[in-house]
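Architecture and fold: a report
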Amino acid sequence: MKNLKKLLLVITLCFPMVSSANCEKWINHLLEKYHSSRDSDNAVCKIWPADKSKTIVVLPIPNEIEGTIYYDLDVLLVNTQSGELIAHKWEQDAFYSDAVELTDFEIDTAHYQLNNESRAFGVRANFRNYSRIFPFSEQIINLYVQKNEKLNLVVNKLVLKNDGGELDDNCIAEFHSKNAALLLGKNTTNNYKDLIISYNEQKQIGKLNKKGKCVEEVTKSIKRKYTLHYNGVEYPLPKPLHSSL
């Protein structure tokens, strides 16, 4: 069962740390300069292909309280050559990690050109649990736009992928998967292009057929499309698109 195997792989494989060897030297430099009393977990960086004079650095800073890890997040834009700070965004308790673990971060530098002057970049956060019976994983994305010395968070916790279900050792299973494509629309609102979110949602079951063979059956398949409009501060997300993690 192809999709069941994929779902099991989600809970057994670790996500690799995404980073650029040419920029890693700035991670410790920035931690020492701006967060000297704290450590970072899963920090990543990437030279921005759209403007190689700038490097994106993501510093997740954990704080454990009664078994739950809360992450403060510092997202920084620095000069690639000098490490000098250009702009940043600090978010206290941006994410938390408990039974569903925050495993790693990725920097997304796709072509998010919101208008002639503003190009966004993304920070993706990956989550999963370790349950074989109730596997779950989710990937969410934040989008940031530079405005002078600040990075504005214009998209907050948009779900790009969500997989989960219930499995047993005898093939019986129920599971779901959601996958989203994030595209730029043709229209603009408040001088920023609309964002088009195309969602594919599928529900499946695993069962034994009359011959005792494990087979997979799609019970529901839905395609949805959402248009997000910039309100002057951010792109508000409808509830189905916003992560609770």
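Before any of the text, the structure's been laid out above.
Keep in mind that what you see is a predicted model, and the values were worked out from it rather than measured. (Residues numbered from 1 in each chain as written. Predicted model: local features only at pLDDT ≥ 70, side-chain atom pairs only at ≥ 80, totals over all residues. Heavy atoms only, no water.)

1. Focus on the pattern of salt bridges
According to the stated counting rule, one finds five salt bridges in the structure shown. Across the pair arginine 38 and aspartate 72 runs a salt bridge, and its minimum N-O distance is 2.8 Å. Taken together, the residues arginine 38 in the loop between helix H2 (25–34) and strand E1 (44–47) and aspartate 72 in strand E3 (residues 68–79) connect sequence positions 34 residues apart. According to the relative accessible area criterion, arginine 38 is partly exposed, its value standing at 28%. (Salt bridge = Lys/Arg side-chain N within 4 Å of Asp/Glu carboxyl O. Helix = DSSP H or I, 4+ residues; strand = E, 2+ residues; numbered from the N terminus. Buried < 20%, exposed > 50% of the residue type's maximum accessible area, 1.4 Å probe, protein only.)

2. Details of the nonpolar core
Among the nonpolar cores identified, the biggest contains 46 residues, and Phe95, Leu143, Leu158 and Tyr235 are the most heavily contacted of them. With seven residues, strand E8 (residues 150–167) is the largest single contributor of residues to this core. When neighbours within four sequence positions are excluded, phenylalanine 95 is seen to be in contact with Ile69, Tyr70, Tyr71, Leu73, Leu102, Phe105, Ala125, Phe127, Ile140, Asn142, Lys157 and Leu245. Formed by 11 residues, the second largest nonpolar core is a distinct cluster that contains Cys23, Ile27, Leu31 and Ala43. (Core = buried A, V, L, I, M, F, W, Y, C linked by side-chain atoms within 4.5 Å. Contact = heavy atoms within 4.5 Å.)

3. Some thoughts on unusual backbone geometry
If a residue is not glycine, its phi is most likely negative; likewise, a peptide bond is most likely trans. Of note in the backbone geometry, asparagine 42 takes a positive phi value of approximately 65 degrees without being a glycine. With respect to the secondary-structure elements, asparagine 42 resides in the loop between H2 and E1.

4. Focus on the side chain of aspartate 74
By the element assignment, aspartate 74 lies in strand E3. The side chain of aspartate 74 is buried and forms no salt bridge, while arginine 38, the nearest opposite charge, is found at 9.2 Å. Polar side-chain contacts of aspartate 74 include one of 2.8 Å to the side chain of histidine 88. When sequence neighbours within four positions are dropped, the list of residues in contact with aspartate 74 reads His35, Val57, Val58, Leu59, His88, Lys89 and Trp90. (Lys, Arg positive; Asp, Glu negative; His and termini not counted. Polar contact = N/O pair within 3.5 Å; in protein donor to acceptor, adjacent residues only side chain to side chain.)

5. Looking at the packing of aromatic side chains
Counted according to the given criterion, the structure contains eight aromatic pairs. Ring geometry for tyrosine 70 versus tyrosine 96: centroids 6.5 Å apart, planes at 45 degrees, classification tilted. You can see tyrosine 70 sitting in strand E3 and its partner tyrosine 96 sitting in strand E4 (residues 85–97), a full 26 residues away along the chain. The class of tyrosine 96 is partly exposed, set by a relative accessible area of 30%. (Phe/Tyr/Trp six-rings, centres within 6.5 Å; stacked < 30°, edge-to-face > 60°.)

6. Focus: the pairing of E3
Of all 12 residues that make up E3, nine are buried, and the element is covered over most of its length. With 12 bridges joining them, strand E2 (residues 54–65) and E3 adopt antiparallel strand pairing. If you follow isoleucine 65 over to E3, its bridge partner there is threonine 68. Two successive antiparallel strands, E2 and E3, enclose a turn made up of two residues, where glutamate 66 displays a positive phi of approximately 50 degrees. Sheet topology note: the E3/E4 ladder contains nine bridges and is antiparallel. Note on E4: the bridge partner recorded for valine 78 is leucine 85. Adjacent in sequence and paired antiparallel, E3 and E4 are bridged by five residues, among which glycine 83 carries a positive phi angle near 80 degrees. (Pairing = 2+ DSSP bridges.)

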